[in-house]
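Coordinate inspection notes
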Amino acid sequence: PLACILFLVATCPLFDFLDNCGMGVQSFAYVDDWTLLVSLDKLEQTMRVLQCFEEASGLVINRAKTALVPTWLPSASELLEMQALWKDVNVSLSEIILGLPIGLEVTADRPWDAPLAKFAKRIELYTRLARERPAKIIATNVFCLSVFWYVAKFFQPTAPVKKRARTSHESVQT
């Protein structure tokens, strides 16, 4: 735990600066996985801040695991501009960021695929193990529905997603 705490001590000033410097950058982080939302016109300035952070802290951004994911369909000149700003970073139309698929190539239902699969497995297991109705209700609410909370922080479930969850739940009801 000490390494994690020291990492947070080193990186919190960076995130505080980026969130409050007026560049419109939004930062999200989970331990050493970071996501920065940056407009193209602020990308070069943000890159300079990150380079200063690397020099000051001694920490290095793993460029092999870094991607620029535009929220629009970039023109050829915009792609070249992004690649020129950070030559050793991939520009991609979809990536997995903090466990969630994002980007232009991601459909509205895709972020729900993994939680729905986990939900179907858990609901089948827990409702089989729990014999009495109150135990089934507790198992469903505590161990099964909780798989959706993280995705639900960022995405609204679509009608097909709700139907898949309902179908999984109904398939184990007796």
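Quick summary incoming for the structure in this document. Being a predicted model, the structure only gives us computed values, none of them experimental. (Residues numbered from 1 in each chain as written. Predicted model: local features only at pLDDT ≥ 70, side-chain atom pairs only at ≥ 80, totals over all residues. Heavy atoms only, no water.)

**Regarding the nonpolar core**
Test applied: We define the nonpolar core as a collection of buried residues of types Ala, Val, Leu, Ile, Met, Phe, Trp, Tyr and Cys that are connected through side-chain atoms lying within 4.5 Å of one another. Between buried and exposed lies partly exposed: a residue is buried under 20% and exposed over 50% of the maximum accessible area for its type, with that area taken using a 1.4 Å probe on protein chains only. For the purposes of this entry, the term helix denotes a DSSP run of H or I that reaches at least four residues, the term strand denotes a run of E that reaches at least two, and both are numbered from the N terminus. Residue contacts are defined here by distance: any two heavy atoms, one from each residue, within 4.5 Å place the two residues in contact.
Judged by nonpolar contacts, the single largest core of 16 residues is most densely connected at Leu14, Leu18, Leu43, Leu50, Leu68, Met82 and Trp86. Going through the elements one at a time, α1 (2–20) and α2 (40–57) are the ones with two or more residues in this core. A per-element tally of this core places α2 first, with six residues. Discounting chain neighbours no more than four positions away, the residues touching Leu68 are Leu43, Met82, Trp86, Val89, Asn90, Val91 and Ser92. If you look at the next biggest cluster of nonpolar residues, it comprises eleven residues, including Leu100, Cys144, Val147 and Ala165.

**As for helix α5 (residues 133–144)**
Here is the rule: This arc describes the spread of directions from the helix axis toward the C-beta atoms.
Among the residues of α5, Ala139, Thr140 and Cys144 are the ones counted as buried. Buried positions in α5, seen along its axis, are confined to an arc of 95° and lie on one side of it. Opposite the packed face of α5, turned more than 90 degrees from it, sit the exposed residues Pro134 and Ile138. In this structure, the buried residues of α5 make contact with α4 (113–129) and α7 (159–171).

**Quick notes on the pattern of salt bridges**
Just so we agree on the cut-off: One speaks of a salt bridge when a side-chain nitrogen belonging to Lys or Arg is within 4 Å of a carboxyl oxygen belonging to Asp or Glu.
On inspection of all chains with the given rule, the structure shows four salt bridges. Measuring nitrogen to oxygen at the nearest pair gives 2.9 Å for the salt bridge that ties Arg63 to Glu54. Classification of Glu54 by relative accessible area gives buried; the value is 14%.

**Focus on the packing of aromatic side chains**
Spelled out, the test is: Aromatic pairs are defined between Phe, Tyr and Trp rings, using the six-membered ring for Trp, whenever the two ring centres lie within 6.5 Å; interplanar angles under 30 degrees are classed as stacked, those over 60 as edge-to-face, and all others as tilted.
Going through the model one piece at a time under the given rule, you end up with seven aromatic pairs. Plain terms: the ring middles of Phe15 and Trp34 are 5.0 Å apart, the flat faces sit at 80° to each other, and that makes the pair edge-to-face. Residue Phe15 is located in helix α1, and its partner Trp34 is located in strand β2 (residues 33–37); the two are separated by 19 residues in the primary sequence. Overall, Trp34 belongs to the partly exposed group, its relative accessible area being 23%. Plain terms: the ring middles of Tyr126 and Phe143 are 4.9 Å apart, the flat faces sit at 25° to each other, and that makes the pair stacked. Within this pair, whereas Tyr126 is found in helix α4, its partner Phe143 is found in helix α5, the two being separated by 17 residues in sequence. Of the residues examined, Tyr126 reaches a relative accessible area of 25% and is grouped as partly exposed. Judged by its relative accessible area of 40%, Phe143 is partly exposed.

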